[in-house]
Amino acid sequence: MQKTIRLKAAAVSLPLLFLPALASAADFDGGSLSPLWGVPFAGILLSIALFPLLAPAFWHHHYGKISAAWALAFLLPFAAAFGVQLAGVQLVHALVAEYIPFIILLTALFTVAGGIHIRGNLHGAPGLNTAILAIGAVLASFMGTTGASMLLIRPLIRANDNRVHKVHVIVFFIFIVSNAGGALTPLGDPPLFLGFLKGVGFFWTAQNILPETLFILGVLLALFYATDRHYYRKEGVMPVDPTPDTPGIGFDGAANFWLLGGVVALVLLSGFWKSPVAFDVFGTEVGLPGLVRDVGLALIALVSYKLTAPKVHADNQFEWEPMAEVAKLFAGIFLTIIPVIAMLKAGTQGPFGAIVSAVTRADGQPDPAMYFWATGVLSSFLDNAPTYLVFFNTAGGDPAALMTTYASTLAAISAGAVFMGANTYIGNAPNLMVKAIAESRGVRMPSFFGYMAWSVAILVPLFVICTFIFFR
């Protein structure tokens, strides 16, 4: 029998002060909701898309307030309609079960990778840039897309700081390192980690979507090399390289590699360790392995920041603003997404029943091609981790069956969640972080829709080809 320890938090957010019996509250039925409950989520997405384009100064100073406003635009009407108690349960669940572990992992990877400085001035010629992206793609499946992105984005920008055109370098970096490269292990991307926690084998993904991953990465690397070579020959480089030449390449802050190993070990431990001990936090169950993982990751981030020499952080131009932007925006996203996910979970009887029906063939069997696109398109605009879970459950939710009888369906769900997270800046957390770091170093990144013009032109045709080859 599972041992449950009920915790009473000493300090809680204001709404929780009025919730004496949160643990007894039941889930709500998303099938009874109006699609209008998705307006706050659409609002925060449009804010992320439009404000940086139409009012960049206002957005830069107030994006946290805008995110909070949209979160309240959902929470307050929801509390009025369904009761403060249920609203509090949903708030706690979104924060404790999803947002806080998500942010802790990202913060640990951001801090540890930010404490490693790749010393030396590389010169961003097409061959070298392609090699860096290829190395990042390999690293992403072992240290996460966030860790690989934070490790390599700064030296890549520095290597190309004498290039006239370099936006395409960052865009392809997001495509390859921040997304597709993380497709082979549960360490690579949050959706796959959730599948691992649900019972999908650690090596199952590598065994079942390796051809798709190699195809996507191979084509993207070839396209990048051709694009970069074109710009390099056409535009050349600036007369003066802003970064002085150095005699060789080396690492500062190398102790952080050991801490990075600790991050990987804690993530693996939380998946393999099965403990009967669970803590009930106002109706949300927190398992001991997950708690140990999150506390350990927080300690690793703290140790990394304290041990890393200030010069290393200075050389890396390390700052907290990219992490703060992700934390504030995703807080709003994780809260406003609550009714959207609930409506999707309602299945064919819910407001989004047409989406769920579209992934099933006339004979009742799942359609891998439709699962690939449904998971992928929603992952482009929703958070790809809960989207993965929605379609994992829509396909039956039994890991044993999905890994065998319906292996093609699970492969399609996995590939769609990871690959298509590159379609927008909000499809995967590292996308926004890379954008923020590039902009802080003077790279004029495309707007939300400008970035989508790149992804629609390059990624969408590639995904269509992938569908006909692998998911028919």
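What counts and what doesn't
- Going along each chain's sequence as written, the residues are numbered from 1 onward.
- Residue-level local features of this predicted model are given only where pLDDT is at least 70; pairs of side-chain atoms are given and counted only at 80 or more, and the full residue set underlies all totals for whole chains, interfaces and linings.
- Note that water and hydrogens are dropped before the side-chain values are worked out from all heavy atoms of the structure.
- Counting from the N terminus, the helices are DSSP H or I runs at least four residues long and the strands are E runs at least two residues long.
- C-alpha atoms define the radius of gyration, and 2.2 Å times the number of residues to the power 0.38 defines the globule rule.
- Should any heavy atoms of two residues lie within 4.5 Å, those residues are considered in contact.
- All accessible areas in this document rest on Shrake-Rupley with a 1.4 Å probe, and a residue is counted as covered only by the protein chains that are shown.
- A residue counts as positive if it is Lys or Arg and as negative if it is Asp or Glu; His and the chain ends are not included.
- For this purpose, a charge sits on NZ of Lys, CZ of Arg, CG of Asp or CD of Glu.
- The set of buried Ala, Val, Leu, Ile, Met, Phe, Trp, Tyr and Cys residues whose side-chain atoms join them within 4.5 Å is what this entry labels a nonpolar core.
- Three labels apply to residues, based on accessible area from a 1.4 Å probe with only protein chains included: buried if under 20% of the type maximum, exposed if over 50%, partly exposed otherwise in between.
- We count a salt bridge whenever a side-chain nitrogen from Lys or Arg sits within 4 Å of a carboxyl oxygen from Asp or Glu.
- Pairing of aromatic rings covers Phe, Tyr and Trp, the last through its six-membered ring, and needs centres within 6.5 Å; plane angles under 30 degrees mean stacked, over 60 mean edge-to-face, and all others mean tilted.
- Each helix should span, by expectation, one fewer than its residue count multiplied by 1.5 Å.
- Under the rule applied, a polar contact is a pair of N or O atoms within 3.5 Å (in protein, one hydrogen donor and one hydrogen acceptor; residues adjacent in sequence only if both atoms are side-chain atoms).
- Paired strands are those between which DSSP finds at least two bridges.
- With axes taken as lines fitted to C-alpha atoms, and helix axes fitted only over the stretch in contact, angles between N-to-C directions fall between 0 and 180 degrees.
- Oblique is the label for every angle not falling under 35 degrees (roughly parallel), over 145 degrees (roughly antiparallel), or within 65 to 115 degrees (roughly perpendicular).
- With the far helix as reference, a near helix turned anticlockwise by less than a right angle produces a left-handed crossing, and one turned clockwise produces a right-handed crossing.
- Within this analysis, patches are made of residues with over 30% relative accessible area and no salt bridge. Like charges are joined at 9 Å or less; nonpolar side chains (Val, Leu, Ile, Met, Phe, Trp, Tyr) at 5 Å or less.
- In predicted models, pLDDT denotes the confidence assigned by the predictor to each residue on a 0 to 100 scale.
- Just so you know the grouping, Ala, Val, Leu, Ile, Met, Phe, Trp, Tyr, Cys and Pro go in nonpolar, Asp, Glu, Lys and Arg go in charged, and all remaining residues, Gly too, go in polar.

Participant: Please explain the overall build of the chain as it appears in this structure.
Facilitator: When helices and strands are tallied, the chain shows 18 helices and five strands. In summary, the chain has a C-alpha radius of gyration of 22 Å against a globular reference of 23 Å for 472 residues, a match within 12%. Within the chain, contacts between residues at least 6 apart in sequence are counted, and of these 82% link residues at least 24 apart. Here the chain has roughly 19600 Å² of accessible surface; of this, 68% comes from carbon and sulfur atoms. Side chains of the chain give 24 positive and 23 negative charges; the mean places of these two sets differ by 4 Å.

Participant: Would you mind going over the nonpolar core with me for this structure?
Facilitator: General note: in soluble globular proteins, nonpolar side chains tend to be found buried as a group. Counting residues in hydrophobic clusters, the biggest one holds 113 residues, and the most contacted among them are Leu 133, Phe 175, Ile 176, Leu 220, Phe 330 and Phe 419. It is helix H4 (residues 126-159) that contributes the most residues to this core, 12 residues altogether. When neighbours within four sequence positions are excluded, Leu 133 is seen to be in contact with Leu 156, Phe 172, Phe 173, Ile 176, Val 177, Leu 221 and Phe 224. With 16 residues, the next largest nonpolar core counts Trp 37, Leu 335, Ala 342 and Met 343 among its residues.

Participant: I keep staring at the pattern of salt bridges and nothing clicks. Help me out?
Facilitator: Side chains carrying opposite charge are able to pair once their charged atoms draw close together. As enumerated under the stated definition, the model contains five salt bridges in all. In this structure, Arg 361 engages Asp 367 in a salt bridge whose closest nitrogen and oxygen atoms are separated by 3.9 Å. A relative accessible area of 16% places Asp 367 in the buried class.

Participant: Can you walk me through the packing of aromatic side chains in this structure?
Facilitator: In this description, an aromatic ring pair is defined by two values, namely the gap between the centres and the angle between the planes. The tally for this structure, following the rule as stated, stands at 33 aromatic pairs. Measuring from ring centre to ring centre gives 5.9 Å for Phe 110 and Trp 320, while their planes differ by 40 degrees; the resulting arrangement is tilted. Taken as a pair, Phe 110 in helix H3 (residues 84-114) and Trp 320 in the loop between helix H10 (310-315) and helix H11 (321-345) lie far apart in primary sequence, 210 residues in all. For Phe 110, a relative accessible area of 0% puts it in the buried group.

Participant: Help me understand helix H13 (residues 368-381) in this model?
Facilitator: In a regular helix each residue adds 1.5 Å, so 14 residues correspond to 20 Å; H13 covers 20 Å between its end C-alpha atoms and thus fits that length. Within H13, 10 of the 14 residues are buried, which leaves it mostly tucked inside the rest of the structure. Looking only at H13, the buried set comprises Pro 368, Ala 369, Tyr 371, Phe 372, Ala 374, Thr 375, Gly 376, Leu 378, Ser 379 and Ser 380. Put simply, Asp 367 is the residue that caps the front of H13, since its side-chain oxygen is 3.1 Å from the backbone nitrogen of Ala 369.

Participant: Any chance you could explain the pairing of strand E4 (residues 277-281) here in plain terms?
Facilitator: The side chains of a regular strand alternate, first on one face of the sheet and then on the other. Burial within E4 is extensive, with four of its five residues counted as buried. Alignment of E4 against strand E5 (residues 284-287), held across four bridges, turns out to be antiparallel. By the bridge assignment, Val 281 is partnered in E5 with Thr 284. In textbook terms, the turn of a hairpin is the stretch between consecutive antiparallel strands, and for E4 and E5 this stretch comprises two residues, one of which, Phe 282, has a positive phi near 50 degrees.

Participant: Explanation requested: the packing of H4 against helix H17 (residues 429-440) in the structure shown.
Facilitator: For any two helices packed against each other, one specifies the inter-axial angle together with the distance between the axes. Taken N-terminus to C-terminus, the directions of H4 and H17 make an angle of 20 degrees; their axes are 10 Å apart at the nearest point. Viewed along their axes, H4 and H17 adopt a mutual orientation that is roughly parallel. In this structure, H4 meets H17 at a crossing whose hand is right-handed. Across the interface between the two elements, Thr 145, Thr 146, Ser 149, Met 150, Ile 153, Arg 154 and Ile 157 of H4 pack against Pro 430, Met 433, Val 434, Ile 437 and Ala 438 of H17.

Participant: Would you take a moment to explain the side chain of Asn 423 for this structure?
Facilitator: Relative to the helices and strands, Asn 423 is located in the loop between helix H16 (407-419) and H17. Looking at Asn 423, its side chain comes within polar contact range of the side chain of Ser 380, at 3.0 Å. Discounting chain neighbours no more than four positions away, the residues touching Asn 423 are Ser 380, Tyr 451, Met 452, Ser 455, Leu 459 and Phe 463.

Participant: Explanation requested: a nonpolar patch on the surface in the structure shown.
Facilitator: Taken together, Leu 46, Leu 50, Leu 53, Leu 54 and Phe 449 make up a surface patch of nonpolar side chains, about 490 Å² in accessible area. For the nonpolar patch, the element with the highest residue contribution is helix H1 (residues 39-54), accounting for four residues. By relative accessible area, which is 42% here, Phe 449 ends up partly exposed.

Participant: In this structure, what is going on with the confidence of the model for the chain? I would like to understand it.
Facilitator: When the pLDDT values of the chain are averaged, the result is 84; 91% of them are 70 or greater. Looking at the elements of the chain, mean pLDDT is at its lowest for strand E1 (residues 3-7), recorded as 40, and at its highest for helix H5 (residues 167-176), recorded as 95. Note on residues 1-26: pLDDT is under 50 here. Beyond four places in sequence and across chains, it has 42 contacts.

Participant: Honestly, the environment of Gly 261 in this entry has me stumped. Any pointers?
Facilitator: Counting through the fold element by element, Gly 261 comes out in helix H8 (residues 255-272). The spacing of Gly 261 and Phe 142 is 119 residues in sequence and 9.8 Å in space, taken between C-alpha atoms.

Participant: Help me out: how do you make sense of the packing of H3 against H4 in this one?
Facilitator: At a minimum axis distance of 8 Å, the contact between H3 and H4 shows a crossing angle of 30 degrees. Judged by the inter-axis angle, H3 sits roughly parallel to H4. Every pair of crossing elements has a handedness; the one defined by H3 and H4 is right-handed. Within the contact between the two elements, H3 uses Leu 106, Leu 109, Phe 110, Ala 113 and Gly 114 and H4 uses Met 143, Thr 146, Gly 147, Met 150, Leu 151 and Arg 154. Residue composition of the contact of H3 with H4, grouped by class: seven nonpolar, three polar and one charged.

Participant: Explanation requested: the side chain of Glu 212 in the structure shown.
Facilitator: Checked against the element boundaries, Glu 212 lands in helix H7 (residues 204-235). For the buried Glu 212, which has no salt bridge, the nearest side chain bearing the opposite charge is Arg 361, at an N-O separation of 13 Å. Apart from the residues lying within four places of it in its own chain, the contact partners of Glu 212 are Phe 419, Cys 466, Phe 470 and Phe 471.

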